[in-house]
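Coordinate analysis (summary)
The chain contents come next:
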2 protein chains.
Amino acid sequence: MNFNDKYGAYLNEFNAVLTEFCDSIDCRPDVLRDSLKYSLELGGKRIRPVLCLATADLLGLERRKVLKFALAIELIHTYSLIHDDLPEMDNDDFRRGKPSNHKVFGVGNAVLAGDGLLNTAYSILLKECRKGTEYISAAEFVCDCAGIYGMIAGQSADLLHENDNSFNEPTLNFIYENKTGKLLTAPVVVPAILSGGRCFAELKSFGKDLGALFQITDDILDIEGEFSTLGKSIGKDKTEGKYTSVALYGLDGAKLRADVLAERCSAILEGIDGDREFLIKLVQFVRTRNK
Amino acid sequence: MNFNDKYGAYLNEFNAVLTEFCDSIDCRPDVLRDSLKYSLELGGKRIRPVLCLATADLLGLERRKVLKFALAIELIHTYSLIHDDLPEMDNDDFRRGKPSNHKVFGVGNAVLAGDGLLNTAYSILLKECRKGTEYISAAEFVCDCAGIYGMIAGQSADLLHENDNSFNEPTLNFIYENKTGKLLTAPVVVPAILSGGRCFAELKSFGKDLGALFQITDDILDIEGEFSTLGKSIGKDKTEGKYTSVALYGLDGAKLRADVLAERCSAILEGIDGDREFLIKLVQFVRTRNK
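Not measured: the values here are computed from a predicted model. (Residues numbered from 1 in each chain as written. Chains lettered and ligands numbered in written order. Predicted model: local features only at pLDDT ≥ 70, side-chain atom pairs only at ≥ 80, totals over all residues. Heavy atoms only, no water.)

**Structural notes on the overall build of chain A**
For chain A, the helix and strand inventory stands at 14 helices and two strands. Compactness check: chain A gives a C-alpha radius of gyration of 18 Å against a globular reference of 19 Å for 291 residues, within 12% of the reference. Looking at chain A as a whole, 60% of its 291 residues are labelled buried. Across chain A, every contact between residues at least 6 apart in sequence was considered, and the portion connecting residues at least 24 apart equals 74%. A total of about 11000 Å² of accessible surface is found on chain A, and carbon and sulfur atoms cover 48% of it. (Helix = DSSP H or I, 4+ residues; strand = E, 2+ residues; numbered from the N terminus. Rg over C-alpha atoms; globule rule 2.2 N^0.38 Å. Buried < 20%, exposed > 50% of the residue type's maximum accessible area, 1.4 Å probe, protein only. Contact = heavy atoms within 4.5 Å. Areas by Shrake-Rupley, 256 points an atom, 1.4 Å probe, with all protein chains shown as cover.)

**Looking at the pattern of salt bridges**
Under the defined criterion, the tally for this structure stands at 40 salt bridges over all chains. In this structure, Glu224 of chain A engages Lys255 of chain A in a salt bridge whose closest nitrogen and oxygen atoms are separated by 2.8 Å. Taken together, the residues Glu224 of chain A in helix α10 (residues 200-224) and Lys255 of chain A in helix α13 (residues 245-270) connect sequence positions 31 residues apart. For Glu224 of chain A, a relative accessible area of 44% gives the class partly exposed. Among the ionic pairs, Lys179 of chain B bridges to Asp84 of chain B, the shortest N-O distance being 3.4 Å. With Lys179 of chain B in helix α9 (residues 169-194) and Asp84 of chain B in helix α4 (residues 67-84), the pair connects residues that are 95 residues apart, well separated along the chain. (Salt bridge = Lys/Arg side-chain N within 4 Å of Asp/Glu carboxyl O.)

**Quick word on the interface of chain A and chain B**
At the junction of the two partners, chain A supplies 49 residues and chain B supplies 49 residues. Among the residues of chain A in contact with chain B, Asn119, Leu126 and Ile148 of chain A are the three that bury the most area, contributing 16% of the side total. Our enumeration of links across chain A and chain B arrives at two salt bridges. Note that Arg130 of chain A and Glu140 of chain B form a salt bridge whose closest N and O atoms lie 2.7 Å from each other. Linking chain A with chain B are twelve residue pairs in polar contact (both at pLDDT 80 or more). Elements that contribute at least two residues to the side of chain A that touches chain B include exactly α2 (30-40), α4 (67-84), α6 (107-128), α7 (133-146) and α8 (151-160) of chain A. The dominant element in the side of chain A that touches chain B, judged by the number of residues it contributes, is α6 of chain A, at 14 residues. Partitioning the side of chain A that touches chain B into residue classes produces 28 nonpolar, 13 polar and eight charged. (Buried area = accessible area lost by both parts, 1.4 Å probe. Polar contact = N/O pair within 3.5 Å; in protein donor to acceptor, adjacent residues only side chain to side chain. Nonpolar A, V, L, I, M, F, W, Y, C, P; charged D, E, K, R; others polar.)

**A look at the relation of the copies chain A and chain B**
The two copies are related by a screw motion: chain A maps onto chain B through a turn of 180 degrees and a shift of 0.0 Å along the axis, at an RMSD of 0.0 Å. Such a combination of rotation and displacement between the chain copies is what one expects of a two-fold axis. By residue overlap, the copies meet face to face through one surface: 100% of the interface positions of chain A are interface positions in chain B. (Least-squares fit on C-alpha atoms with pLDDT ≥ 70 in both.)

**Here's the deal with α13 of chain A**
All names here are of chain A. A rise of 1.5 Å per residue sets the reference length of α13, with its 26 residues, at 38 Å; its end C-alpha atoms lie only 27 Å apart and thus fall more than 12% short of the reference. Listing the buried residues of α13 in full gives Ser245, Val246, Ala254, Ala258, Leu261, Ala262, Cys265, Ser266, Ile268 and Leu269. Packed against the buried residues of α13 are α3 (47-59), α9 (169-194), α10 and α14 (277-288). (Expected span 1.5 Å × (residues − 1).)

**Let's talk about the environment of Gln155 of chain A**
Within the element layout of this structure, Gln155 of chain A appears in helix α8. Using a relative accessible area of 6% as the deciding quantity, one classes Gln155 of chain A as buried. Along the primary structure Gln155 of chain A and Thr180 of chain A are separated by 25 residues, whereas in three dimensions their C-alpha atoms are 8.9 Å apart. Apart from the residues lying within four places of it in its own chain, the contact partners of Gln155 of chain A are Ser80, Asp84 and Lys179 of chain A together with Leu112 of chain B.

**Topic: the environment of Leu261 of chain B**
Residues and elements named next belong to chain B. Here Leu261 lies in helix α13 (residues 245-270). Between the C-alpha atom of Leu261 and that of Leu248, which follows or precedes it by 13 residues, the distance is 16 Å. For Leu261, the residues in contact, after removing those within four places along its chain, are Asp209, Ala212, Leu213 and Ile216.

**A short note on the nonpolar core**
Counting 202 residues, the largest nonpolar core has Ile76, Tyr122 and Phe206 of chain A together with Ile76, Tyr122 and Phe206 of chain B as its most contacted members. Excluding its chain neighbours within four sequence positions, the residues that come into contact with Phe206 of chain A are Leu51, Val188, Cys265, Ile268, Leu269 and Val283 of chain A. (Core = buried A, V, L, I, M, F, W, Y, C linked by side-chain atoms within 4.5 Å.)

**As for the packing of α10 of chain A against α13 of chain A**
The interhelical angle for the contact between α10 of chain A and α13 of chain A, taken along N-to-C directions, is 145 degrees, at an axis separation of 8 Å. Seen from above, α10 of chain A lies across α13 of chain A with left-handed handedness. (Axes fitted to C-alpha atoms, helices over the stretch in contact; angles between N-to-C directions. Left-handed = near helix turned anticlockwise from the far one by under 90°.)

**Description of a nonpolar patch on the surface**
Residues Phe94, Phe227 and Ile234 of chain B make up a contiguous nonpolar surface patch of roughly 220 Å² in combined accessible area. Its location among the elements puts Ile234 of chain B in the loop between α11 (227-230) and α12 (236-239). (Patch = residues over 30% accessible without salt bridge, like charges linked within 9 Å, V, L, I, M, F, W, Y side chains within 5 Å.)

**Here we look at the confidence of the model for chain A**
Taken as a whole, chain A shows an average pLDDT of 95; of its residues, 100% reach a score of 70 or greater. What the predictor reports for the complex is a pTM of 0.97 with an ipTM of 0.97. (pLDDT = per-residue confidence, 0-100.)

**Considering unusual backbone geometry**
Residue Pro29 of chain A is reached from Arg28 of chain A by a cis peptide bond, and omega for that bond is -10 degrees. When you line up the elements, Pro29 of chain A lands in the loop between α1 (3-24) and α2. Even without glycine at this site, Asn91 of chain A takes up a positive phi of about 55 degrees. With respect to the helices and strands, the residue Asn91 of chain A is situated in the loop between α4 and β1 (94-95). Residue Asn91 of chain A is classed as partly exposed on the basis of its relative accessible area of 36%. Located in the positive-phi region is Arg96 of chain B, a residue other than glycine, with phi close to 55 degrees. Tracing the backbone shows Arg96 of chain B in the loop between β1 (94-95) and β2 (98-99).

**Regarding the side chain of Asp84 of chain B**
Accessibility expressed as a relative area gives 10% for Asp84 of chain B, which makes it buried. In terms of polar contacts, Asp84 of chain B uses its side chain to reach the side chain of Lys179 of chain B, at 3.4 Å.

**Here we look at the packing of aromatic side chains**
Throughout the structure, instances matching the rule amount to 19 aromatic pairs over all chains. For the ring pair Phe3 of chain A and Tyr7 of chain A, a centre distance of 5.8 Å and an interplane angle of 65 degrees mean the geometry is edge-to-face. Of this pair, Phe3 of chain A and Tyr7 of chain A both sit in helix α1, four residues apart, roughly one helical turn. Each member of the pair, Phe3 of chain A together with Tyr7 of chain A, is buried. Their ring planes at 45 degrees and their centres at 5.7 Å tell us that Phe3 of chain B and Phe285 of chain B sit as a pair that is tilted. Highlighted residues: Phe3 of chain B in helix α1 (residues 3-24) and Phe285 of chain B in helix α14 (residues 277-288), separated in sequence by 282 residues. Among the aromatic side chains, those forming a connected cluster through ring pairs are Phe3, Tyr7, Tyr10, Phe278 and Phe285 of chain A. Over the face of the ring belonging to Phe174 of chain B we find Arg28 of chain A, whose NZ or CZ atom lies 4.1 Å from the ring centre. Directly above the ring of Phe214 of chain A sits Arg48 of chain A, whose terminal nitrogen or CZ lies 5.8 Å from the centroid. (Phe/Tyr/Trp six-rings, centres within 6.5 Å; stacked < 30°, edge-to-face > 60°. Lys NZ or Arg CZ within 6 Å of the ring centre and 35° of its normal.)

Listed below in structure tokens is the structure:
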């Protein structure tokens, strides 16, 4: 099976779980249910769930064991986008080619939709905890990645350093490692934890590097991407004085860095026994993506 | 020991845990740590933790078993206040006599502080899950109370029905049961679950009624309270066309309803074996509070 077909197969497997979950949401009032489903059903690459399923395959772990973790991580990712798009945060009017949650439902409802998705992610993870202590460890890892020593720290630093002329490489690395890296690390480390800790350290490093790669290609796409493909506003970073790898290294410097990170990701995968082909191609996909 | 002394003793016991927790927060950047601690350290009645400890005593459960649940619930309560005070939600500039989180740190940071507290509550609850399945059940109960079928549903309905001339009693009940009631139910039901389900149904009803009582006295205080005692803006409900029990029943009608609810709470407690005295007085405290 080629890369695109395999990506599609993982996507279908995850989307079935997501659709079942979305269909099960019947909270009141309607605006709460609709705003939750709106953002969950916007589509997107679903790269975190795909990473989670592919890493389970790499480690020889049954994929069904990680499906609910993949769902919880995607809910956390979706909540973070809703809150990040808010006017006083990143102020994005578009997400995946459609109006952002707050443009459709208003800021108040968007705050609540984000809160609701985060809380629901933990509802899913707590249910998994009944299956054994390794599931509790995996849930705790996701929680750490999402929290105040993880993604939220990265978002806070990102907000702090807008229009900051004194930015430097350590700050940039802190933001990329936490804001983007932690929630890309969770889906590859969860299967490691559920496999008794197999390749834990390697996959943790892989997630961190993939996160930096993902964020740098995001910065590059903000310059070179097209709205019609990307589905979100272009050129915002520069207009808003945003602290990015392109601002720090220049466009060519950022591309070079992306290449180095992609190579490091592949090298880590080469050191793991198993069918690594799909994940190695996924790294290239992230490096060369246009959306 | 009289009521005030006993309340103070519970408060001290909880505050020791809270202080230890606040001292342990060392996330970066500073603004994230400071904004989390600012709202946690604003004080307040801490009625949810006190309820949790007192209910453990009522059921003969060791209080140490519920302390981390009390902490997690207080974090969830604090996050909900931060998000609820935001300009596009309830738009409150003051909380507990001090500027609201977003007035000090800005809206973006306040959103993140709320997200951070919610996530940290689950970090605490997940750690409890290792202690056994009844702890997982208790954590799941808290999660349900806080989530899209609980508090968040209530807040969403509250936001929806601002300036709504067609409001009615069922809607008001839905808001009070979910927005306020669910997070007052959690601290009394957690000890029941950790006691093997003892008095589960009674304490769940008690929490629901106490929640309605608490919200109605809140509505009354919005008319009759004083800023200096209450620490938050007065008369806001009417100015903002807010849907409250006073708007529905009139001031005297709301007071009568509060009396009925207080009696119902006491009657439930009378049916439970154990030292009920403190909780019965706590109900009166909620009924007659001036802050």
